[in-house]
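Working through the structure, step by step
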Amino acid sequence: MRREQLEHVLRAASSIAADPEILVIGSQSVLGAIPEDRLPEEATASIEVDIAFFDDVDETKADLVDGAIGELSPFHETFGYYAQGVSVSTAVLPEGWRERIIIVETPNTAPGRGHCLDPHDCVVSKLVAGRAKDFAFADALVHERLVDPEILRDRIETLETHPMIIQRLRSWVTMHLPAS
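Here's a quick rundown of the structure. (Residues numbered from 1 in each chain as written. Predicted model: local features only at pLDDT ≥ 70, side-chain atom pairs only at ≥ 80, totals over all residues. Heavy atoms only, no water.)

1. A short note on the packing of helix α1 (residues 3–17) against helix α3 (residues 60–69)
How we decide: The angle between two axes is taken between their N-to-C directions and runs from 0 to 180 degrees, where each axis is a line fitted to C-alpha atoms and a helix contributes only its stretch in contact. In DSSP terms, a helix is any run of H or I states spanning at least four residues, a strand is any run of E spanning at least two, and both are numbered starting from the N terminus. Each angle gets one of four labels, with under 35 degrees taken as roughly parallel, over 145 as roughly antiparallel, 65 to 115 as roughly perpendicular, and the rest as oblique. Crossings are sorted by hand: turned counterclockwise from the far helix by less than a right angle, the near helix makes the crossing left-handed, and turned clockwise it makes it right-handed. Pairs of residues are marked as contacts when any of their non-hydrogen atoms sit within 4.5 Å. Following the grouping adopted for this structure description, the nonpolar residues are Ala, Val, Leu, Ile, Met, Phe, Trp, Tyr, Cys and Pro, the charged ones are Asp, Glu, Lys and Arg, and the polar ones are all others, Gly among them.
At their nearest, the axes of α1 and α3 sit 9 Å apart, and the two run at 120° to each other. On the basis of their axis angle, the class for α1 and α3 is oblique. Note that α1 runs across α3; the crossing there is right-handed. On α3, the residues touching Val-9, Ala-12, Ala-13, Ile-16 and Ala-17 of α1 are Lys-61, Leu-64, Val-65, Ala-68 and Ile-69. Residues belonging to the contact of α1 with α3 are distributed by class as follows: 9 nonpolar, no polar and 1 charged.

2. Remarks on helix α7 (residues 149–156)
This is how it is decided: To sort residues, take the accessible area from a 1.4 Å probe on protein chains only and compare it with the maximum for the residue type: under 20% means buried, over 50% means exposed, and anything in between is partly exposed. Here, the arc refers to the directions that run from the helix axis to the C-beta atoms. Side-chain atoms alone can form a polar contact between residues adjacent in sequence; in general such a contact is a pair of N or O atoms within 3.5 Å, and within protein one must be able to donate a hydrogen while the other accepts it.
Within α7, the full set of buried residues consists of Pro-149, Leu-152, Arg-155 and Ile-156. Here the buried residues of α7 occupy an arc of 120° about the axis, which is enough to place them on one side. Packing partners of the buried residues in α7 comprise α5 (119–129), α6 (132–143) and α8 (163–176). The backbone nitrogen of Glu-150 has a side-chain oxygen 2.8 Å away, supplied by the residue at the start of α7, namely Asp-148.

Dropping the structure here:
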């Protein structure tokens with residue numbers, strides 16, 4: 001996915017949900033902070049943008065987005081990418097993530113405004129999810145030095161999740177720390 005495609009999804013989703021404030025919580029949130037030409041293929045391969053709305057407790061807005069521009073919609077068939085409406089609680093995020101949000105607001109997002117996760121917060125969330133594609137995404141960003149394993153380690157310690165998950169993440173980060 002490219003930044004212009006993310007902006008298109010933000011514009012469409014904000015119009016559909018009548019809400020300009022959109023949280024991008026999936027892997028494509030890195031497009032808010034890192035230029036696409038610096039991102040490895042594993043970081044831009046997804047054709048899906050996971051979005052949530054801050055005040056969507058019953059997920060009505062997420063459902064509207066899914067129906068209009070979600071997977072297998074005419075939007076998806078026309079453009080080759082789509083939005084998946086999710087809940088803000090879908091992602092397990094480090095403490096303080098809201099203070100590190102990167103805003104994406106351009107004429108191409110209007111009337112919307114994307115709130116993209118800080119790349120470190122995004123990677124921690126992906127590591128918690130723990131799928132093969134999430135580890136490939138995290139590995140690629142660390143390998144390209146777009147995220148710092150030391151910062152990941154600090155953020156992992158702030159998670160509110162099962163201790164076994166924390167231990168799995170600690171082990172992963174330890175393998176990616178520079179040799180002393």
